[in-house]
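These are the residues of each chain, in order.
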Amino acid sequence: MADMDKTILSVLAHPDDESFGMGGTLALYARRGAAVHLLCATRGEAGTVDPQHLRGFSSIAERREAELRCAAEKLGLAAVYFLDYRDSGMPGSPDNSHPQALAAAALDSVAARIVPYIRSIHPQVVLTFDPIGGYKHPDHIAIHRATVKAFHLAGDPAYHDGQSPYLPQKLYYHVIPKGFLSFAVRVLPLLGKDPRRFGRNQDIDLTVLVREGNFPTHARIDYREVAQIKDEAALCHTSQLDGAGLRRGPMRWAQTLFGEKEYFMRAEPPAGKGVREIDLFAGL
Ligand SMILES: [Zn+2]
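Treat the numbers as computed from the prediction; the structure is a model and nothing was measured.

How each quantity is defined
- Residues numbered from 1 in each chain as written.
- Predicted model: local features only at pLDDT ≥ 70, side-chain atom pairs only at ≥ 80, totals over all residues.
- Heavy atoms only, no water.
- Helix = DSSP H or I, 4+ residues; strand = E, 2+ residues; numbered from the N terminus.
- Expected span 1.5 Å × (residues − 1).
- Buried < 20%, exposed > 50% of the residue type's maximum accessible area, 1.4 Å probe, protein only.
- Phe/Tyr/Trp six-rings, centres within 6.5 Å; stacked < 30°, edge-to-face > 60°.
- Lys NZ or Arg CZ within 6 Å of the ring centre and 35° of its normal.
- Pairing = 2+ DSSP bridges.
- Disulfide = S-S within 2.5 Å.
- Donors = N, O, S within 2.8 Å, 3.2 Å for Na, K, Ca; no water.
- Salt bridge = Lys/Arg side-chain N within 4 Å of Asp/Glu carboxyl O.

Asks: Would you mind going over helix 4 (residues 107–121) in detail, with residue names and values included?
Replies: It helps to recall that an α-helix has 3.6 residues per turn; residues three or four apart then point in one direction. Taking 1.5 Å per residue as the helical rise, helix 4 with its 15 residues ought to reach 21 Å, and the 22 Å between its terminal C-alpha atoms agrees with that figure. Along helix 4, the positions that sit buried rather than exposed are Val110, Ala111, Ile114, Val115, Ile118, Arg119 and Ile121. One or two residues past the end of helix 4 sits His122, with phi positive at roughly 55°.

See the structure below:
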């Protein structure tokens, strides 16, 4: 398959998920000529944003959409679309119960909004979060479930939405390798940090992720040649970075140690033991 014929659809939840997550992979395939589309379910309305970053913007949503568009340009994405749900925030936040909250929406209705994108974009490869949403953000889990459902519905001739059925060939989940998490859990206390209160808002418990996030890795994407692009895209999300920037902090050291690679579990077609891909289009 020629690179120009390759199409990826990445389905994520918030502006910054792409750059802080699978951005290296997205940038790599875009650079190689694939059409890389991003469907983002919310505009990150519940994100913590310092008032200084809201100057010139009418809302957090507007600011974060602008940051995503900046990142998309850096990554070389073909297009960005929004599902127009609202960011649900982390568990227990009042944003959970907003009527437009993604995590509160019925699975079928979210999936029904994704299907038309799959049927019109015709991606061979669909990417989303793993079943625990990387770090258990309710929106990440919700969009994971809806994407899995939409993947199959899109190819189902019995599912009618006015477009022809189209079944993508592959579905992958972005995963954090267990070794990486275990390493962080061991090293953070040595640096005086609590692995149970990780992240900018101290709301990520890495010990839970080590326990629950045990997903196989079937594809390893080496994005060294575009690592700088991934960093530039991440820097677009100014409102979501603390003053330390990208090159500091324990996670960055760990990343340097583990190399510039992103890992994926292949959900469709199901992968047997020993599947080790270095290209998401392998076999197509
Ligand atoms: Zn997110």
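Asks: With reference to specific residues and values, describe the packing of aromatic side chains.
Replies: All told, the structure shown has three aromatic pairs when counted by the stated rule. Relative to Phe281, the ring of Tyr29 lies with its centre 5.4 Å away and its plane at 55°, an arrangement referred to as tilted. One end of the pair, Tyr29, is in helix 2 (residues 23–31); the other, Phe281, is in the segment after strand 7 (261–268), and 252 residues separate them in sequence. When the ring of Tyr172 is compared with that of Phe264, the centres are 6.3 Å apart and the planes differ by 80°; the resulting orientation is edge-to-face. You can see Tyr172 sitting in strand 5 (residues 170–175) and its partner Phe264 sitting in strand 7, a full 92 residues away along the chain. Residue Tyr172 is classed as buried on the basis of its relative accessible area of 0%. Look at Phe264 and you get buried, because its relative accessible area is 0%. Here the basic side chain of Arg43 rests over the ring of Phe82, its NZ or CZ set 4.1 Å away from the ring centre. Positioned above the aromatic ring of Tyr85, the side-chain terminus of Arg113 is 4.0 Å from the ring centre.

Asks: Go over the pairing of strand 4 (residues 125–129) with me, naming the residues and quoting the values.
Replies: Counting buried residues along strand 4, five of its five residues qualify, which places the element largely inside the surrounding structure. Pairing analysis gives three bridges linking strand 1 (residues 7–12) to strand 4, with the strands arranged parallel. Note that in strand 4 the partner of Leu9 across the bridge is Val126. Both strand 4 and strand 5 contribute to a ladder of five bridges, which runs parallel. Looking across to strand 5, one finds that Val126 is bridged to Leu171.

Asks: Just give me the short version of the state of the cysteines, but keep the residues and values in it.
Replies: Tallied over the full model, the rule gives one disulfide. One disulfide bridge connects Cys70 with Cys236, the sulfur atoms lying 2.0 Å from each other. Its S-S torsion of approximately -60° makes the covalent link between Cys70 and Cys236 left-handed. Of this pair, Cys70 sits in helix 3 (residues 60–75) while Cys236 is found in helix 9 (residues 227–236), placing the two residues 166 residues apart along the sequence. Using a relative accessible area of 30% as the deciding quantity, one classes Cys70 as partly exposed.

Asks: Tell me about helix 6 (residues 138–154), and name the residues and values.
Replies: Spanning 17 residues, helix 6 covers 24 Å between terminal C-alpha atoms, matching the ideal 24 Å at 1.5 Å per step. Of all 17 residues in helix 6, 13 are buried, a share of seventy percent or more.

Asks: Describe the coordination of the zinc ion, naming the residues involved and giving the relevant values.
Replies: Ligation of the zinc ion by protein atoms is provided by His14 (ND1), Asp17 (OD) and His140 (NE2), these donors lying 2.0 to 2.1 Å from the ion. Counting residues between consecutive donors of the zinc ion along the chain gives the motif H-x2-D-x122-H. You can see Asp17 sitting in helix 1 (residues 17–20) and its partner His140 sitting in helix 6, a full 123 residues away along the chain. The buried category is assigned to Asp17, whose relative accessible area is 7%. For His140, a relative accessible area of 1% corresponds to the buried category.

Asks: Report on the pattern of salt bridges, specifying residues and quantitative values.
Replies: For the structure on display, the rule yields 15 salt bridges. Residue Lys149 is joined to Asp108 by a salt bridge in which the shortest nitrogen-to-oxygen separation is 2.7 Å. Here Asp108 lies in helix 4 and Lys149 lies in helix 6, a separation of 41 residues in the sequence. Exposure remark for Asp108: the relative accessible area of 48% places this residue in the partly exposed category. Asp161 serves as the salt-bridge partner of Arg119, at 2.7 Å between the closest nitrogen and oxygen. Of this pair, Arg119 sits in helix 4 while Asp161 sits in the loop between helix 6 and strand 5, and the two are 42 residues apart along the sequence. The partly exposed category is assigned to Asp161, whose relative accessible area is 29%.

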